[in-house]
Amino acid sequence: MVRVIDTTLRDAHQSLLATRFRTADMLPILDKLDRAGFYSLEVWGGATFDVAIRYLREDPWERLRLIREGVRKTKLQMLLRGQNLVGYRHYPDDVVEKFVETAFKNGIDIFRVFDALNDVRNLIVSVKKAKSLGAIVQGAICYTISPVHTIEYYVKFAEELIALDVDMLTIKDMAGILDPTTAYELVTELKKRFKVPVNVHTHNTSGMSVATYVKSVEAGADFIDTAISPLAFGSAQPGIQTVYFALPPTRRPDVDLNVINEVSEYLDRVISERYSGLLNLKVLIPDHGVLIHQIPGGMISNLISQLKELKAEGRLKEVLNEVPKVREDLGWPPLVTPLSQIVGTQAVLNVVVGKYKVITKEVINYIAGLYGKPPAPINEELKKVALKNVKEITVRPADLLQPELSKCVDQVMKLGVPATDENVLTYCLFPETAKEFFSGAPPPKQETTPKAEAPQPSKPDIDVNLLIAYAQ
Ligand code: CO
């Protein structure tokens, strides 16, 4: 029998409603979710923290405590981006440790920890801290497709995670490109080699998710991630009410479909009353293109807007062809935040301005090793050009960071806000947004189709007009 992790209150609304689902609308279903028979509920982390303070002006810590009050039996889990926590840069170790400790104190039982480059050094501090508190750790393997991302590659990374004493392995397919056959092979291999339970996390972006889960379970997966319709399918996880019947009767999870159906009815009503404007047809319709070029939908819309800015709208096709070339030059990084933005911007510049005529600051930092170790070696020629005046690092990136926590305490006190661990961490992670949040300023105007995540530090640090002149 497979067990189920429900993502409705985190990944599902992050994927379908731009992470905008409010705490007040979560509270009425907590009791039902608690009684539905799920192994755990993913309710926190990812983009939810940032969006809560930035756009909803809600305290994410308070959300967590309220969910914990309403969910007494079922475990709660969060998605943690390793040394990036729930932000977009590496934080120093004192901030990472305090964040994990405070999340645990406020009600998180399970930490799912990943690094965009599958560089285990970016996971060590958060995993060790969570283990020392007695929390459960799911070590996540970012899944992508490239010549170096073979079954052996994933097994080798899984070995490194196991050496960190993680309790479970999660195959994290953030783009929805894990096909059923590969899922079967990968789960079979991980089950054969390791004693810990194996979990599969996919998205329905391309429409393959149910088949991927059926084959994963057939291969022995112990856990799968699903959501509850109408916050399911599209670019989110597939719905449990469908996955349940797709599985062979002997492997179906022990969940209460009646209670789950009640949650569906509630969500149906609340979404049509209050959130329908956020539903974006683009993420609801299966995108087969992602299976060909492996470029997630969100990244393509970014590329289009960057091309517009450079007055080169007609060159999308060339950019889509350039993306895998840049990926290869950079050692095949997975296209996940923040690397998708970094690769995408460089591909646009290569097409519009000329091959590596302009190299973004982010690409230089990446080549210098500041994000971690790439899956494969970086193109030597590119490295020479990019690191002309920059030193390459070989240490763990966060080793170069100074402690920040006590400075954040001072800043929070200056703002006249109680310097609780929670407030200090909110400030440490997002200082500018935290200032606005603490001051009670109204949130920025909502775009009609808001982005799932806040703007990334991805823009090239160069003059757009200069580029346009250069290109012509
Ligand atoms: Co996901």
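- Going by the annotation in an unreviewed UniProt entry, the name recorded for the chain is Pyruvate carboxylase, with Zestosphaera tikiterensis given as the source organism.

**Some words on the overall build of the chain**
Turning to step 1, where the next piece is worked out: Secondary structure assignment for the chain yields 23 helices and eight strands.
Turning to step 2, where the next piece is worked out: Computed over the C-alpha atoms, the radius of gyration of the chain is 22 Å, within 12% of the 23 Å expected from 2.2 N^0.38 for a compact globule of 472 residues.
Turning to step 3, where the next piece is worked out: Expressed as lengths along the three principal axes of its C-alpha atoms, the size of the chain is roughly 60 × 55 × 45 Å.
Turning to step 4, where the next piece is worked out: Buried positions account for 60% of the 472 residues belonging to the chain.
Turning to step 5, where the next piece is worked out: A total accessible area of about 19,100 Å² is found for the chain, and carbon and sulfur atoms account for 54% of it.

**Section: the nonpolar core**
Turning to step 1, where the next piece is worked out: Phe38, Trp44, Phe99, Leu190 and Leu429 are the most contacted members of the largest nonpolar core, which has 108 residues in total.
Turning to step 2, where the next piece is worked out: No other element matches the nine residues that helix H12 (residues 257-275) contributes to this core.
Turning to step 3, where the next piece is worked out: When residues of this core are assigned to domains, at least three fall in each of domain 1 (3-278) and domain 2 (404-439).
Turning to step 4, where the next piece is worked out: Among residues more than four places away in sequence, those in contact with Phe99 are Trp44, Phe49, Trp61, Met78, Leu80, Leu85, Val86, Leu425 and Leu429.
Turning to step 5, where the next piece is worked out: Met174, Leu339, Val353 and Tyr366 belong to the second-largest nonpolar core, a separate cluster that totals 41 residues.

**Notes on the domain arrangement of the chain**
Turning to step 1, where the next piece is worked out: On domain assignment, one finds that the chain holds domain 1 (3-278) and domain 2 (404-439).
Turning to step 2, where the next piece is worked out: Here domain 1 and domain 2 have C-alpha centroids that lie 28 Å from each other.
Turning to step 3, where the next piece is worked out: If you look at the interface, domain 1 gives 23 residues, while domain 2 gives 12 residues.
Turning to step 4, where the next piece is worked out: Summing both sides of the interface, domain 1 and domain 2 together bury roughly 1,700 Å²; the carbon and sulfur share of this comes to 66%.
Turning to step 5, where the next piece is worked out: Linking domain 1 with domain 2 are four salt bridges, by the criterion used here.
Turning to step 6, where the next piece is worked out: Close ionic contact of Glu404 with Arg89 constitutes a salt bridge, the shortest N to O distance being 3.2 Å.
Turning to step 7, where the next piece is worked out: Here domain 1 is connected to domain 2 by eight residue pairs in polar contact (both at pLDDT 80 or more).
Turning to step 8, where the next piece is worked out: Every element with two or more residues in the side of domain 1 that touches domain 2 is listed here: helix H4 (48-56), helix H5 (60-70) and helix H6 (93-105).
Turning to step 9, where the next piece is worked out: In terms of residues, the side of domain 1 that touches domain 2 owes the most to one element, H6, which gives six residues.

**Points about the side chain of Thr212**
Turning to step 1, where the next piece is worked out: Its place among the elements puts Thr212 in helix H10 (residues 209-218).
Turning to step 2, where the next piece is worked out: Judged by its relative accessible area of 0%, Thr212 is buried.
Turning to step 3, where the next piece is worked out: Non-local contacts of Thr212, meaning those with residues more than four positions away in its chain, are made with Leu178, Asp179, Pro180 and Ala183.

**Here we look at the sheet that holds strand E4 (residues 110-113)**
Turning to step 1, where the next piece is worked out: Within the closed barrel, the eight strands sit side by side as E1-E2-E3-E4-E5-E6-E7-E8. Their pairing is parallel. With direction set aside, neighbouring strand axes in the sheet form an average angle of 30°.
Turning to step 2, where the next piece is worked out: Summarising the sheet, strand E1 (residues 3-6) and strand E2 (residues 40-45) pair through two bridges and their orientation is parallel. Each bridged residue has a counterpart across the sheet, and for Ile5 the counterpart in E2 is Ser40.
Turning to step 3, where the next piece is worked out: Contacts from H5 reach E2 and strand E3 (75-80), with the element oriented near 165° to E2.
Turning to step 4, where the next piece is worked out: Against the sheet, helix H8 (residues 151-163) contacts strand E5 (136-142) and strand E6 (168-172), and its axis sits at roughly 160° relative to E5.

**Brief notes about the pattern of salt bridges**
Turning to step 1, where the next piece is worked out: If you walk through the whole model with that rule in mind, you get 32 salt bridges.
Turning to step 2, where the next piece is worked out: Arg274 is the partner of Glu273 in a salt bridge, and the nearest nitrogen-oxygen pair spans 3.5 Å.
Turning to step 3, where the next piece is worked out: Take Arg274: its relative accessible area is 48%, and that puts it in the partly exposed class.
Turning to step 4, where the next piece is worked out: Salt bridges sharing common partners tie together Lys98, Glu101, Lys105, Lys129 and Asp421.

Definitions and cut-offs
Residues numbered from 1 in each chain as written. Predicted model: local features only at pLDDT ≥ 70, side-chain atom pairs only at ≥ 80, totals over all residues. Heavy atoms only, no water. Helix = DSSP H or I, 4+ residues; strand = E, 2+ residues; numbered from the N terminus. Rg over C-alpha atoms; globule rule 2.2 N^0.38 Å. Buried < 20%, exposed > 50% of the residue type's maximum accessible area, 1.4 Å probe, protein only. Areas by Shrake-Rupley, 256 points an atom, 1.4 Å probe, with all protein chains shown as cover. Core = buried A, V, L, I, M, F, W, Y, C linked by side-chain atoms within 4.5 Å. Domains from an automatic or database assignment. Contact = heavy atoms within 4.5 Å. Buried area = accessible area lost by both parts, 1.4 Å probe. Salt bridge = Lys/Arg side-chain N within 4 Å of Asp/Glu carboxyl O. Polar contact = N/O pair within 3.5 Å; in protein donor to acceptor, adjacent residues only side chain to side chain. Pairing = 2+ DSSP bridges. Axes fitted to C-alpha atoms, helices over the stretch in contact; angles between N-to-C directions.

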